[in-house]
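Chain and residue survey
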Amino acid sequence: MSAPSDGAARNGDKIGKDVAAVSASSDERGLEALRDVQLEVTVELGRLQLSLGELAQRLVPGNVLPLGKAADAPLEVRVHSRLIARAEAVAIGDRRGVRILEVVRDDGGAP
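Summarised in this report is the structure supplied together with it. (Residues numbered from 1 in each chain as written. Predicted model: local features only at pLDDT ≥ 70, side-chain atom pairs only at ≥ 80, totals over all residues. Heavy atoms only, no water.)

1. Structural notes on the overall build of the chain
To keep it simple, the criterion reads: In this description a helix means any DSSP run of H or I spanning at least four residues, a strand means any run of E spanning at least two, and both kinds are numbered starting from the N terminus. Residue burial is assigned from relative accessible area. The probe radius is 1.4 Å, only protein chains are included, and a residue is buried under 20% of its type maximum, exposed over 50%, and partly exposed in between. Here a residue-residue contact requires only that any non-hydrogen atoms of the pair lie within 4.5 Å. Using the Shrake-Rupley algorithm and a 1.4 Å probe, accessible areas are obtained, with residue cover drawn only from the displayed protein chains.
Counting its secondary structure elements, the chain contains two helices and four strands. Across the chain, helices and strands are ordered from the amino to the carboxyl terminus as α-β-α-β-β-β. With 111 residues in all, the chain has 11% of them scored as buried. Long-range pairs, those at least 24 residues apart, make up 27% of the contacts in the chain between residues at least 6 apart in sequence. As displayed, the chain has an accessible area near 9,400 Å², and 55% of this comes from carbon and sulfur atoms.

2. Focus: the environment of G46
Mapped onto the secondary structure, G46 falls in the loop between strand 1 (41-44) and helix 2 (52-58). Separated by 30 residues in sequence, G46 and E76 have C-alpha atoms that sit 8.2 Å apart. If sequence neighbours within four positions are ignored, G46 has contacts with L67 and K69.

3. Here's the deal with the sheet that holds strand 1
Put simply, the rule reads: By the convention used here, strands pair only if DSSP detects at least 2 bridges between them. For helices, the fitted line uses only the C-alpha atoms of the stretch in contact; every axis is such a line through C-alpha atoms, and the angle between N-to-C directions lies from 0 to 180 degrees.
Strand order in the open sheet made by the four strands is 1-2-3-4, with antiparallel pairing throughout. In this open sheet, the two edge strands, each paired with only one partner strand, are strand 1 and strand 4 (95-103). Pairwise comparison of adjacent strand axes, ignoring direction, gives a mean angle of 40 degrees for this sheet. As defined by bridge partners, strand 2 (residues 75-79) adjoins strand 3 (residues 82-92) across five bridges and the pair is classed as antiparallel. Within strand 3, the residue paired with R78 across the bridge is L83.

4. As for unusual backbone geometry
With a phi close to 50 degrees, H80 is a non-glycine residue in the positive phi region. For H80, the position within the fold is in the loop between strand 2 and strand 3. When its relative accessible area of 62% is taken as the criterion, H80 is described as exposed. A positive phi angle is found at S81, which is not glycine, with a value near 70 degrees. The residue S81 is located in the loop between strand 2 and strand 3 in this model.

5. Some remarks on the pattern of salt bridges
The following threshold applies: Every case where a carboxyl oxygen of Asp or Glu lies within 4 Å of a side-chain nitrogen of Lys or Arg is listed as a salt bridge.
Applying the stated criterion across every chain yields a total of seven salt bridges. Note that R86 and E102 form a salt bridge whose closest N and O atoms lie 3.3 Å from each other. Of this pair, R86 sits in strand 3 while E102 sits in strand 4, and the two are 16 residues apart along the sequence. The partner of E88 in a salt bridge is R99, and the shortest N-O contact between them spans 2.6 Å. Taken together, the positions of E88 in strand 3 and R99 in strand 4 put the pair eleven residues apart, joining distant regions of the chain. In this structure R99 comes out as partly exposed when scored by relative accessible area, which is 47%. One salt-bridge network, held together by shared partners, links E44, R47, K69, E76 and R78.

Pasting the structure below:
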């Protein structure tokens, strides 16, 4: 079998680039179609595990429930329970908000 000519190699490169361009534009169209999908974003302050009896006993106005995180630990930003970022609490006028400190990769680390 003979090696491809320079013209065939160039045509192969062009076809590869065309396929990549079509694939990229398909990905962009797919992402564009998803831009209006609504997601519930949750900001988690901390967690506490209690039995039902403990919760019933402690769930009283004025009672403090200690959480497992340090007071200065970042908050966790989650989408459908999946950690996507870490943040800190901020005040925005008379409303609460969060400042994103880092975005988390799929494996839980920073990008």
